[in-house]
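Geometric and topological summary
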Amino acid sequence: MADANPTVHRAHWNSRLGFILAAAGSAVGLGNIWRFPYLAGENGGGAFLVLYLAIAFTLGVSVLLAELAIGRLGQRNPVGAMRALAGGPWTAAGYLGTATAFLVLSFYSVVGGWTLAYIVKSATGTLGGESAEAAKLVFGALVGGAAEPVIYHGLFMALTAAIVLRGVGGGIEAANKWLMPALFLLLVVLVLRAVTLPGAAKGLAFYLTPDFSKVTPATVVAALSQAFFSLSVGLGAMITYGSYLDRRGGNLPRSAFWITGIDCSVAVLGGLLIFSAVFAFGHDPAAGPGLTFVTLPTVFHQMPGGALFAVAFFLLLALAALTSAVSLLEVAVAYLVDERAMPRRRATLGLGLAVFFAGIPSALSLGPWSSYTLYGRGVMDLLDDLTVKVMIPLGGIVLSLFVGWILADRAAAALAGPARPLWLRAWIAMCRYVAPAAIGWVMVAGLWG
Ligand code: PHE
C-alpha cells in the first residue's frame, strides 16, 4: 500500500459523535438559513427544493464520502493528502481546494458579521420588525455602511481564529456538541410560529408545490452548487475533517448520510420559516441575499417574547456560521501546519488576518464600493459566483475522479474490507462516471446557456 506514513502526533476527534457533530457543524451554517432560502426564492420555490434534495442525496453524499475517505486515508490537509495518496498533477486539486476555502471565507465572514450586528440590533430592539419596509431599511443601512460591515467582519474573523487556535478536539469539537441541538430546537419553535401566521399558507404552497415548468439550466446549477456548498464539499473541508479520524474507526458511509440528513433538515426548516413569513408579511421572495435578514424581524415582532427569541436566534445563527467558518479556515491552517511545519498559532493568526483583508472589498461592495461591478454584479456577488458556481463544482469533479479511478481499491478496502457490497460498487461507479459527468454537464449547460 502506498498510503501516507501515519502522522503519529496528529490530533484526532475524541469520539465518533463528536466527529459527526463537527462535520455537521461545518455543513450547517449560513448556507442553510441565509443562502438556501434566497436561492429557492429566486428560483421558483418548490422545484428548487426538490432538485436540491435530490442532488444532495445522490451527488452530494457521494462526494462527501469521497472527501472523508481521502482525508481518513491521507491523514493530512487536502494538499498533503493528495500528494501522499497520488502526487503529480492530483496535488493541484489540493491547492485548488485550499484557495477556494480561503476565498469563500473572505465573503462568508462578511455575512457572518451581519449576523453579529443583528444580535446587537435584536438586543437593543432596533430590528425594524414593525413592517417589511422598516426591516428593509434597517438591513440596507447596515450593509450599505462603510464602517460597520468591516468592523463586524473583523470581529467574526477574530472569533473564528480564536476557535481554530484551540485545535480540533478542544475548540472545534467542543463548540459543536451543544450548538447543533440548540439551533435545531430553536428553529423548530420558530417554524411552528411562522407556519401558523395568517397568510403563511401561500408561502407553504410556493415552497412545497414544485412547478417544474420553471426549471432552467440556471436553476439546476444553482441547486447543485448550493447542495455542494451546504454540504461543505468540493474544497477539501471534509478532507481536512476526515483526516482527524483515525485510520480504522467509524462507519464512514453512515456518517456521510447522517451529515447529509442533518444538513438538509436544517435547510428544509429554514425554508419553512422564511417562506411562511415572506408571504404572511408581504415580503418579496426574490429579494436576494437580504431575504433572511429582512424577513425574520417581522416574525419576531409577532411573537410573545419575540425580543428574546430574536436574540437567541441570531446568536445561534452566528454560532452556526462560526462553526462553518472554522472548517474553512482549518483547511488552510492545516496546510501550513502539515506541509510548512508552521506552529498552529502563527498559521491561524496570519491566515485570519489575510482573510480579513481579503474580505474588505466584499464588506464594502454593498455600500461605498457598490459602483465597482462586472456584468452588473458587485465584488461579493462575483466572488460568490466564482467560488460556489465554478470552483466548488470543479473541485467536486476532480475529487470524484480521483476516488473513482485512483483511490477506488484502497478506499473500498478501507470502507468494506474484502467485501464488495452493492452500495460500495454503486458509490465507486458514481465517483467514476456519474458524478463527474453530471456535474460537468450541469456546469457547461448552466454557465454557457
Ligand atoms: N456548508 C457551510 C454552510 O452551509 C459553508 C461551507 C462551505 C463551509 C464549504 C465549509 C466548506 O454554511
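Structure report, in brief. In this numbering scheme, every chain counts its residues from 1 along its sequence in written order. Only residues with pLDDT of 70 or above have their local features reported here, since the model is predicted, and side-chain atom pairs are shown and tallied only from 80 upward, although totals for entire chains, interfaces and linings are computed over all residues. Water and hydrogen atoms were dropped before computing side-chain values, which therefore reflect all heavy atoms in the structure.

1. Examining the overall build of the protein chain
Helix and strand definitions here come from DSSP, where helices need a minimum of 4 consecutive H or I residues and strands a minimum of 2 consecutive E residues; each element is numbered from the N-terminal end. The helix and strand inventory of the protein chain stands at 18 helices and 0 strands. For the C-alpha atoms alone, the extent of the protein chain along its principal axes is close to 65 × 50 × 40 Å. Scored against the burial criterion, the 449 residues of the protein chain give a buried share of 59%. Any two residues having at least one pair of non-hydrogen atoms within 4.5 Å are treated as being in contact. Here the analysis covers contacts within the protein chain between residues at least 6 apart in sequence; of these, 83% occur between residues at least 24 apart. Put simply, the protein chain shows about 16600 Å² of open surface, and 69% of that area lies on carbon and sulfur atoms. Residues scored as charged are limited to Lys and Arg (positive) and Asp and Glu (negative), so that His and the chain ends carry no count. Here the site of a charge means atom NZ of a Lys, CZ of an Arg, CG of an Asp or CD of a Glu. In the protein chain, which carries 26 positive and 18 negative side-chain charges, the distance between the mean positions of the two groups comes to 9 Å. In this scheme, a residue with accessible area under 20% of its type's maximum is buried, one over 50% is exposed, and one in between is partly exposed, where area comes from a 1.4 Å probe on protein chains only. Each accessible area is a Shrake-Rupley result for a 1.4 Å probe, and residues are judged covered by the shown protein chains and nothing else.

2. Examining unusual backbone geometry
Residues other than glycine seldom take positive phi values, yet glutamine 75 does so here, at roughly 55°. Take glutamine 75: it is sitting in the loop between α3 (46–74) and α4 (78–85). Phi is positive for serine 232, which is not a glycine, with a value near 60°. Positionally, serine 232 belongs in the loop between α10 (217–230) and α11 (237–242).

3. What about the layout of surface pockets?
In this model, the largest pocket occupies a volume close to 360 Å³. The pocket and cavity definitions rest on a 1 Å grid over protein atoms only: a 1.4 Å probe that fits but cannot leave marks a cavity, an open set with protein on both sides within 12 Å along at least five of seven lines marks a pocket, and residues lining either have an atom within 4 Å of a point. Along the walls of the largest pocket sit 16 residues, with Leu39, Glu42, Arg377, Asp385 and Lys389 positioned nearest its centre. When residues of the lining of the largest pocket are traced back to their parent elements, those giving at least two are α2 (30–42), α10, α16 (379–406) and α18 (422–448). Polarity classes work like this: nonpolar for Ala, Val, Leu, Ile, Met, Phe, Trp, Tyr, Cys and Pro, charged for Asp, Glu, Lys and Arg, and polar for all others, with Gly in that last group. For the lining of the largest pocket, the class distribution of residues is 7 nonpolar, 2 polar and 7 charged. Grid points are joined across faces, edges and corners, and a volume is the space filled by probe spheres set on the points.

4. Quick notes on helix α7 (residues 147–165)
Expected span, for any helix, means 1.5 Å times one less than how many residues it has. Relative to the 27 Å expected for 19 residues at 1.5 Å per residue, α7 spans 27 Å between its end C-alpha atoms, a close match to the ideal helical length. Within α7 the residues assigned to the buried category are Pro149, Val150, Tyr152, His153, Phe156, Met157, Thr160, Ala161, Ile163 and Val164. Along its buried surface, α7 packs onto α5 (90–123), α6 (132–143), α8 (168–195), α14 (306–339) and α15 (344–364). A positive phi of about 85° marks glycine 167, the residue just after α7.

5. Some details on the nonpolar core
Here, the term nonpolar core denotes a set of buried Ala, Val, Leu, Ile, Met, Phe, Trp, Tyr and Cys residues that are joined through side-chain atoms within 4.5 Å. Counting 158 residues, the largest nonpolar core has Trp13, Ile70, Trp114, Phe300, Phe313, Phe314 and Trp427 as its most contacted members. For this core, the element with the highest residue contribution is α14, accounting for 19 residues.

6. Regarding the environment of asparagine 77
Here asparagine 77 is to be found in the loop between α3 and α4. For the pair asparagine 77 and leucine 231, spaced 154 residues apart in sequence, the C-alpha separation works out to 18 Å. Asparagine 77 has contacts with Arg10, Val331, Ala334, Tyr335, Asp338 and Glu339, leaving out every residue within four places of it along the chain. By the criterion applied in these results, polar contacts are pairs of N or O atoms within 3.5 Å in which, for protein atoms, one can donate a hydrogen and the other can accept it, and in which residues neighboring in sequence qualify only through two side-chain atoms. One polar contact links the side chain of asparagine 77 to the main-chain amide nitrogen of valine 79, over a distance of 3.0 Å.

7. Looking at the site of the ligand
Around the ligand, the surrounding shell holds 15 residues, and the nearest of these are Ala27, Gly31, Tyr108, Phe229 and Ser232. Alanine 27 has a polar backbone atom sitting 3.0 Å from an oxygen atom of the ligand. Here an oxygen atom of the ligand sits 2.8 Å away from a polar atom, N or O, in the main chain of glycine 31. In the complex, the protein chains occlude 100% of the 330 Å² of accessible area that the ligand would expose alone. Near residues are defined by distance, with any heavy atom within 4 Å of the molecule or strand qualifying the residue.

8. Some details on empty space enclosed by the protein
If a probe the size of a water molecule is rolled over the atoms, the empty space left behind becomes visible. Under the defined criterion, the tally for this structure stands at 3 cavities of 30 Å³ or more. Put simply, the largest cavity is a space of about 140 Å³. Forming the boundary of the largest cavity are 17 residues, of which Ser26, Tyr108, Phe229, Ser232 and Leu328 lie nearest the centre. Breaking the lining of the largest cavity down by element, the ones donating at least two residues are α1 (16–27), α5, α10 and α14.

9. Observations concerning the packing of aromatic side chains
Under the pairing criterion, centres of Phe, Tyr and Trp rings, with the six-membered ring standing for Trp, must be within 6.5 Å; the plane angle then separates stacked pairs below 30 degrees from edge-to-face pairs above 60, leaving the rest tilted. Within this structure, the stated rule accounts for 24 aromatic pairs. Taken together, a centroid distance of 6.0 Å and an interplanar angle of 90° make the contact between tryptophan 13 and tyrosine 244 edge-to-face. Residue tryptophan 13 is found in the segment before α1, and its partner tyrosine 244 is found in the loop between α11 and α12 (252–280); the two are separated by 231 residues along the sequence. Accessibility classification places tryptophan 13 together with tyrosine 244 in one group, the buried group. Ring centres 6.2 Å apart and planes at 55° place the aromatic pair tyrosine 108 and phenylalanine 229 in the tilted group. Here tyrosine 108, found in helix α5, pairs with phenylalanine 229, found in helix α10; they are 121 residues apart in sequence, far enough to count as distant. A relative accessible area of 3% means that tyrosine 108 is categorised as buried. Here the aromatic cluster, defined as three or more aromatic residues joined through ring pairs, consists of Trp114, Tyr118, Phe139, Phe293, Phe300, Phe313 and Phe314. Cation placement over rings: the criterion is NZ of Lys or CZ of Arg within 6 Å of the ring centroid and within 35° of the ring normal. Here the guanidinium or amino end of arginine 35 rests over the ring plane of phenylalanine 229, the centre of that ring lying 5.3 Å away. Across from the ring centre of tryptophan 405, 4.7 Å away, lies the NZ or CZ of arginine 432, which sits over that ring.

10. Considering a nonpolar patch on the surface
Like-charged residues within 9 Å of one another, or nonpolar side chains (Val, Leu, Ile, Met, Phe, Trp, Tyr) within 5 Å, are grouped into patches, provided each residue has over 30% relative accessible area and no salt bridge. Salt-bridge detection follows one rule: a side-chain nitrogen of Lys or Arg within 4 Å of a carboxyl oxygen of Asp or Glu. Residues Trp405, Ile406, Tyr433 and Val434 make up a contiguous nonpolar surface patch of roughly 400 Å² in combined accessible area. For the nonpolar patch, the secondary-structure elements that each account for two or more residues are α16 and α18. With respect to the helices and strands, the residue tryptophan 405 is situated in helix α16. A residue is classified by how much of its surface remains accessible, and tryptophan 405, at 46% relative accessible area, is partly exposed.

11. Description of the packing of α10 against α18
Helix-helix packing is characterised by the crossing angle of the two axes and by the distance between the axes. Running from amino to carboxyl end, α10 crosses α18 at an angle of 135°, the nearest separation of the two axes being 8 Å. With respect to each other, α10 and α18 are oriented oblique. Relative to α18, α10 is oriented so that their crossing is left-handed. In this structure, α10 uses Pro217, Val220, Val221, Leu224 and Phe228 to contact α18, whose residues at the interface are Ile439, Val442, Ala445 and Gly446. Taken together, the residues of the contact of α10 with α18 break down into 8 nonpolar, 1 polar and no charged. Fitted lines through C-alpha atoms serve as axes, helices being fitted only where they are in contact, and the angles separating the N-to-C directions of these axes extend from 0 to 180 degrees. Each angle gets one of four labels, with under 35 degrees taken as roughly parallel, over 145 as roughly antiparallel, 65 to 115 as roughly perpendicular, and the rest as oblique. The hand of a helix crossing depends on one turn: near helix anticlockwise from the far one by less than a right angle means left-handed, and clockwise means right-handed.

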